[in-house]
Amino acid sequence: MRLHDLKPRPGAKHRTKRLGQGESSGHGKTSGRGGKGQTARSGSSIRIGFEGGQMPLIRRIPKRGFNNARFTTKYHGVNVGDLEKFDNGAKVDETALKSLGLANANPPESKFSATAN
């Protein structure tokens, strides 16, 4: 099989809709755009959710529900250069960082990430 032998599967190709080719084509006169109005004009595009000046549904309904702010994981950066204060092979954990003053007393669900300075 060569590249020139390849062809699309049956039904994969569609004829392009030829607009404005006369009344009897079914796509003449208004070319499938309906009557007059904003959407019949060239370059017309109305943003999603726009309701013609009426207050959109997303702004009419009350906003309530779940907020994840209480359960987010808090990350605290520790500079890599500050880690040189530890001896070689020393265990670096939250208590060790707090003892050297590199981390303040934070809730236990906080995590630490190394950052370069």
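You'll find the structure just up there.
Analysis parameters
Residues numbered from 1 in each chain as written. Predicted model: local features only at pLDDT ≥ 70, side-chain atom pairs only at ≥ 80, totals over all residues. Heavy atoms only, no water. Helix = DSSP H or I, 4+ residues; strand = E, 2+ residues; numbered from the N terminus. Buried < 20%, exposed > 50% of the residue type's maximum accessible area, 1.4 Å probe, protein only. Contact = heavy atoms within 4.5 Å. Salt bridge = Lys/Arg side-chain N within 4 Å of Asp/Glu carboxyl O. Core = buried A, V, L, I, M, F, W, Y, C linked by side-chain atoms within 4.5 Å.

Look at Lys29: it is not a glycine, yet its phi comes out positive at around 50°. In this structure, Lys29 sits in the segment before helix H1 (57-60). With a relative accessible area of 71%, Lys29 lands in the exposed category.

Note that Leu100 resides in the loop between helix H2 (94-99) and strand S2 (111-115). Look at Leu100 and you get partly exposed, because its relative accessible area is 40%. Considered as a pair, Leu100 and Gln54 are 46 residues apart in the sequence and their alpha carbons are 60 Å apart. Not counting residues up to four positions away in its chain, the partners in contact with Leu100 are Lys85 and Phe86.

Below, the discussion takes up the pattern of salt bridges. The tally for this structure, following the rule as stated, stands at two salt bridges. The residue Glu51 makes a salt bridge to Arg60 at a minimum N-O spacing of 3.2 Å. For Glu51, a relative accessible area of 30% gives the class partly exposed. The class for Arg60 is partly exposed, based on a relative accessible area of 41%.

Side chains of nonpolar character tend, in soluble globular proteins, to be buried together. Counting residues in hydrophobic clusters, the biggest one holds six residues: Val78, Phe86, Ala96, Leu97, Leu102 and Ala103. Apart from residues lying up to four places away in sequence, Leu97 is in contact with Val78, Leu83, Phe86, Val92, Leu102, Ala103 and Phe112.

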